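Tertiary structure, described
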Amino acid sequence: MFNWKKKLLLTTQNKRRVAADWNTNTQTLDILASDKNADVRYDVATNINTSASVLEVLAKDNDWGVRKAVAENPNTKLITLDCLTNDMQWQVRSSAASNPCSRTSKKLAVAQKTSTSIPVLEYMVEYEEEIISAAAKETLKRRI
């Protein structure tokens, strides 16, 4: 049996290859998720085999690129996506809102539809979630 822990002691480039490989098992991804290199953690966050619990930890990463990758991963739990829609970095908020699994994604779809009634759009303009409010404003402009 191949010992991944020995492999993980190799270069950052090799660790990135392993982290990005969709055949990598979850145990190896768990180890790589705590790597000091943000690029390795980013690759873990983009991997479809990364567990929801590891994604939850990576959602609090100091690197916004890692948090954005978590927001785009289909395995990210709804509660984690909700937290990421309030991230200080707009790219992270946007990715979390666009994830088909998020509540914000569903609201965003309504705010962007030109068939949404004007009273509903006017109500959505007042939403605290910037991305929803901005989308509703833009749709209202197109409607009026």
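Relevant structure appears above.
Residues numbered from 1 in each chain as written. Predicted model: local features only at pLDDT ≥ 70, side-chain atom pairs only at ≥ 80, totals over all residues. Heavy atoms only, no water.

**Overview of the environment of valine 110**
With respect to the helices and strands, the residue valine 110 is situated in helix α9 (residues 103-112). Distance in space between the C-alpha atoms of valine 110 and leucine 121 is 8.5 Å, their sequence separation being 11 residues. (Helix = DSSP H or I, 4+ residues; strand = E, 2+ residues; numbered from the N terminus.)

**So, the side chain of threonine 24**
Assignment of secondary structure puts threonine 24 in the loop between α2 (12-20) and α3 (26-32). Residue class for threonine 24 comes out buried when judged on its relative accessible area of 4%. There is a polar contact of 2.5 Å between the side chain of threonine 24 and the backbone oxygen of valine 18. Ignoring any residue separated from it by four or fewer positions in sequence, one finds threonine 24 in contact with Val18, Leu29 and Asn49. (Buried < 20%, exposed > 50% of the residue type's maximum accessible area, 1.4 Å probe, protein only. Polar contact = N/O pair within 3.5 Å; in protein donor to acceptor, adjacent residues only side chain to side chain. Contact = heavy atoms within 4.5 Å.)

**Some points on the packing of aromatic side chains**
Considering all chains together, one arrives at one aromatic pair under this definition. Considering the side-chain rings of tyrosine 123 and tyrosine 127, the 5.7 Å spacing of their centres and the 85° angle between planes classify their relative orientation as edge-to-face. Residue class for tyrosine 123 comes out exposed when judged on its relative accessible area of 57%. Tyrosine 127 sits in the partly exposed class, given a relative accessible area of 25%. (Phe/Tyr/Trp six-rings, centres within 6.5 Å; stacked < 30°, edge-to-face > 60°.)

On their own, these measurements won't tell you what the molecule is for.
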